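# Residue-level structure breakdown
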Amino acid sequence: MIEKNTKGDVWVYAEVQDGTLQDVSLELLGKARKLADKLGVPAGAVLPKGTEISAAADTLIAHGADSVYLVEDTALADYRTEPYAHVLVELIKKYRPQIVLFGATPLGRDLAPRAASATRSGLTADCTDLDIADVTEKSGTVHPNLLLQVRPAFGGNIVATIVNYDQWPQMATVREGVMPLGTPQKSRKGNVIKETVPLTDQALFAVEVIKREVEKRKLNLKGAKVVVAGGAGMGSRDNFELLFDLAGALGGVVGASRAAIDSGFIGHEHQIGQTGTTVRPALYIACGISGAIQHRSGMEDSAKIIAVNTDREAPIFSIAHYGIVGDAKQVVPMLLRAFKERN
Ligand SMILES: Cc1cc2nc3c(=O)[nH]c(=O)nc-3n(C[C@H](O)[C@H](O)[C@H](O)COP(=O)(O)OP(=O)(O)OC[C@H]3O[C@@H](n4cnc5c(N)ncnc54)[C@H](O)[C@@H]3O)c2cc1C
């Protein structure tokens, strides 16, 4: 067990894939910076690496890290659970951070439970928000400055705030895109702390990487400036072609509600919402989507939202900047025509 350390840093595990720092780690650093400021402690990033990653430490500092804990070892060239978890746990034991955050990526979901289990601490998966506050137990005992770990629970029907007051560090994973990516401040200064963690135990390398094959993401929902999304109200797979036409003309991509995916109108990789991708495009056009809370949580921070729905009472209109009451099958071609005429 790691002794509680209220002076400890707020850490982010800096995830690297194919020699590139992942945006989710930089998104988390923006949040870690705010949490650290509330606590009056430094924010840190843990960066184990086995190959050169250009300007990684500078990037982490520019995004809010005060210290980058760098562990360089050729044995870390490929991600493997055991050696990476060992490095992280050794650093946690040495520095006793009070909070450790991970992206809820396949790698983060593999590494975070290992670290939590090895340090006998708690872990909240898939948080949608994080904050710091004093928490009072029913007995009246006050725990100052705990990490509030907010996430949907019970099938998305409630939003739960989870705290961990006794088994530290407090650990959480956060899905990609949930926290906004901040603007890097190139003038920020920070320390790079080089650490050596012996990786001599052969048991750590029971898994041998023979070949790595990474399938490139075909769809970049998160990075798209325009998302044209369809819901159950689109009625069929064929009608979704209208959305592809509009998205193509606007230089955007097609998203969908879970109901549209469950109906077989489009593949699950297009899902937006609580159990899909979180997006913040410049323009989000919601066609035949009611606006259930689980969908809205993945798109409501879009800069401009246009909603097309036959039901003027549909909840999506309460967050839309422009609402069109009408049949999406007619409105979408009209929007496309109007756009083409103007361009
Ligand atoms: C744990 C959990 C996680 C979930 N995660 C997600 C998630 O990540 N993403 C997600 O989207 N959902 C998610 N859901 C499901 C969510 O609760 C809703 O059921 C879903 O978002 C509804 O999709 P929809 O709006 O397309 O369908 P509906 O609710 O059926 O709404 C269809 C809408 O289309 C309108 N309409 C009908 N015909 C037309 C027409 N011709 N033209 C225009 N409008 C028309 C209707 O008025 C209606 O408003 C989750 C649910 C749970 C319990």
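Just so we're clear, the structure is a prediction, and the values are computed from it rather than from any experiment.

Within the open sheet, the seven strands sit side by side as β7-β11-β6-β1-β4-β5-β12. Their pairing is parallel. Where the open sheet ends on each side, the last strands, each with one partner, are β7 (123–127) and β12 (191–195). Each strand of the sheet is rotated relative to its neighbour by a mean of 25°, with strand direction disregarded. Alignment of β7 against strand β11 (residues 170–174), held across three bridges, turns out to be parallel.

This part covers helix α1 (residues 23–39). In this model α1 runs 24 Å from its N-terminal to its C-terminal C-alpha over 17 residues, within 8% of the 24 Å that 1.5 Å per residue would give. Of all 17 residues in α1, twelve are buried, a share of seventy percent or more. Downstream of α1 by one or two residues, Gly 40 has phi in the positive range, about 70°.

Assigned domains of the chain: these are domain 1 (10–205) and domain 2 (226–342). One C-alpha centre belongs to domain 1, the other to domain 2, and the line joining them spans 34 Å. In this complex, domain 1 contributes seven residues to the contact, which on the side of domain 2 involves seven residues. Across the side of domain 1 that touches domain 2, the residue classes tally to three nonpolar, three polar and one charged.

This part covers the packing of helix α3 (residues 81–95) against helix α4 (residues 106–118). Helix packing for two helices is described by the angle between their axes and how far apart those axes are. Packing of α3 against α4 leaves a shortest axis separation of 9 Å and a crossing angle of 50°. By the angle between their axes, α3 is oblique relative to α4. Relative to α4, the crossing made by α3 is right-handed. On α4, the residues touching Thr 81, Tyr 84, Ala 85, Leu 88, Val 89 and Ile 92 of α3 are Asp 110, Leu 111, Arg 114, Ala 115 and Ala 118. Looking at the contact of α3 with α4 residue by residue, the classes come out as eight nonpolar, one polar and two charged.

Along its 14 residues, helix α5 (residues 237–250) runs 20 Å from first to last C-alpha, staying within 8% of the 20 Å computed at 1.5 Å per residue. When we look at burial in α5, the residues that qualify are Phe 240, Leu 242, Leu 243, Leu 246 and Ala 247. For α5, the angular spread of the buried residues around the axis is 135°, confining them to a single face. Opposite the buried face of α5, at more than 90 degrees from it, the exposed residues are Arg 237 and Asp 238. Taken together, the buried residues of α5 touch β13 (226–230), β14 (253–256), β15 (283–287) and α8 (328–342). One or two steps after α5, the chain reaches Gly 251, where phi turns positive at roughly 70°.

Cut-off values and rules
- Residues numbered from 1 in each chain as written.
- Predicted model: local features only at pLDDT ≥ 70, side-chain atom pairs only at ≥ 80, totals over all residues.
- Pairing = 2+ DSSP bridges.
- Helix = DSSP H or I, 4+ residues; strand = E, 2+ residues; numbered from the N terminus.
- Axes fitted to C-alpha atoms, helices over the stretch in contact; angles between N-to-C directions.
- Expected span 1.5 Å × (residues − 1).
- Buried ≥ 20, exposed ≤ 12 C-beta atoms within 10 Å, placed from the backbone.
- Domains from an automatic or database assignment.
- Contact = placed C-beta atoms within 7 Å.
- Nonpolar A, V, L, I, M, F, W, Y, C, P; charged D, E, K, R; others polar.
- Parallel < 35°, antiparallel > 145°, perpendicular 65-115°, else oblique.
- Left-handed = near helix turned anticlockwise from the far one by under 90°.
- Arc of directions from axis to C-beta.

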